[in-house]
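What the coordinates show
Spelled out, the chains give:
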Amino acid sequence: MISVARSVTAACALGAALAACGTAGTPDGARPAHARPAASPSATRTPVLTPGPGHLTPVFEHGPRTLGKTVALTFDADMTAGQGPRAATGEHFDNPGLIGTLRTLKVPATIFMTGRWAEEYPAQARSLGHDPQFEVANHSYSHYAFTDDCYGLPTIGADRMKSDVERAYAAIRKAGVPNPLPYFRFPGGCYDHQALRALSGIGVTAVQWDVVSGDAFATDADAVARQVLDGVKPGSVVIMHCTRSAAPTTERVVRTIVPELRKQGYRFVKVSDLIGETNGQGGNRPGSLVPG
């Protein structure tokens, strides 16, 4: 059993970006109790993985390798509770140009959004949530790590993990996203048995990845594009970022990799499509600790 699961291929730049997303201290106060009923995700008609023994939260890493050349592009919209002043002075944690490019190229995508990002950019969150080309999922409220020793991120205690995820769902819905999916991405991709146990009962599937783009703080778009193209396999999940300040080359990377992957015969799908295909193949080790 792996005690802490994370991507063993994560580039140093990704670690630096994830660390930069954190601020010292603990998350802001818990969400009001009256908001709790609206905070849990709905799995209605949305494919999820079967929980493991004891309802342990299942983990998804990639889709089937044998059902055609499909690939899911995912983008983390990161922002912490402490980054509001930086946004107020002009730092951009959004990337509307990237979203516009995805729309122009007609590429479906899955956006993993922190609750704090949804609060800062409610109009963009609402637009994404109402656009059938995209699906919005949960990336915690304020990007605090769910394990110790996670790229220098501040951590959240096990007793706060469930409420943090619920708080994020509440913030995302309040911003105007009507149906955030029952998928959760751990900040930094870091999780362990305790974290999976803490989220049991919420009904989420934890979503990892098998291709690290290396777009975090990258300045060479060609190098990032090559890393993606070299890593993609049928059923792959690619992790990228939707924050201009932390990932300034991502839009250019997308403009490069999309036509090339299409030339290679790949079809772009959402994470929900891959999970649906995985369910048809008997699941992706539900409830296990798979490396991210």
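About the cut-offs
Residues numbered from 1 in each chain as written. Predicted model: local features only at pLDDT ≥ 70, side-chain atom pairs only at ≥ 80, totals over all residues. Heavy atoms only, no water. Salt bridge = Lys/Arg side-chain N within 4 Å of Asp/Glu carboxyl O. Helix = DSSP H or I, 4+ residues; strand = E, 2+ residues; numbered from the N terminus. Buried < 20%, exposed > 50% of the residue type's maximum accessible area, 1.4 Å probe, protein only. Contact = heavy atoms within 4.5 Å. Pairing = 2+ DSSP bridges. Right-handed = clockwise from strand over helix to strand, strands pointing away. pLDDT = per-residue confidence, 0-100. Core = buried A, V, L, I, M, F, W, Y, C linked by side-chain atoms within 4.5 Å.

**Topic: the pattern of salt bridges**
One pass over the structure, following the stated rule, counts nine salt bridges. The salt bridge partner of Arg 65 is Asp 210, with a shortest N-O separation of 2.9 Å. Of the two residues, Arg 65 is situated in the loop between strand 2 (59-60) and strand 3 (70-77) and Asp 210 in the loop between strand 8 (205-207) and strand 9 (211-212); the sequence distance between them amounts to 145 residues. Lys 263 is the partner of Glu 260 in a salt bridge, and the nearest nitrogen-oxygen pair spans 3.6 Å. Within this pair, Glu 260 and its partner Lys 263 are both found in helix 9 (residues 250-263), separated by three residues, close to a single helical turn. Classification of Lys 263 by relative accessible area gives exposed; the value is 67%.

**Thoughts on the environment of Ala 137**
Among the structural elements, Ala 137 can be located in strand 5 (residues 134-138). Sequence separation between Ala 137 and Ile 111 is 26 residues; the distance between their C-alpha atoms is 6.0 Å. Discounting chain neighbours no more than four positions away, the residues touching Ala 137 are Ile 111, Phe 112, Met 113, Ile 172, Leu 181 and Tyr 183.

**A word on the pairing of strand 10 (residues 236-241)**
Judged by how many residues are buried, strand 10 sits mostly within the fold: six of six residues are covered. In strand 10, alternate side chains face the same way, and those of Ser 236, Val 238 and Met 240 on one face and Val 237, Ile 239 and His 241 on the other are all buried. Bridge analysis of strand 3 against strand 10 gives six bridges, and the strand direction is parallel. Among the inter-strand pairings, Ala 72 is bridged to a residue of strand 10, identified as Val 237. In terms of strand pairing, strand 9 meets strand 10 through two bridges, oriented parallel. Across the sheet, Val 212 pairs through a bridge with Ile 239, a residue of strand 10. Taken together, strand 9, helix 8 (residues 221-231) and strand 10 constitute a β-α-β crossover, and its handedness is right-handed.

**Overview of the confidence of the model for the protein chain**
Of all residues in the protein chain, 81% attain a pLDDT of 70 or more, and the chain-wide mean is 86. Confidence drops under pLDDT 50 across residues 1-39; counting only partners more than four residues distant or on other chains, this segment forms 89 contacts.

**Examining the nonpolar core**
Leu 73, Phe 75, Leu 102, Met 113, Trp 117 and Ile 257 are the most contacted members of the largest nonpolar core, which totals 42 residues. Those residues in contact with Ile 257 that sit more than four places away from it in its chain are Leu 73, Ala 225, Val 228, Leu 229 and Met 240. If you look at the next biggest cluster of nonpolar residues, it comprises 17 residues, including Val 59, Tyr 144, Phe 186 and Leu 196.

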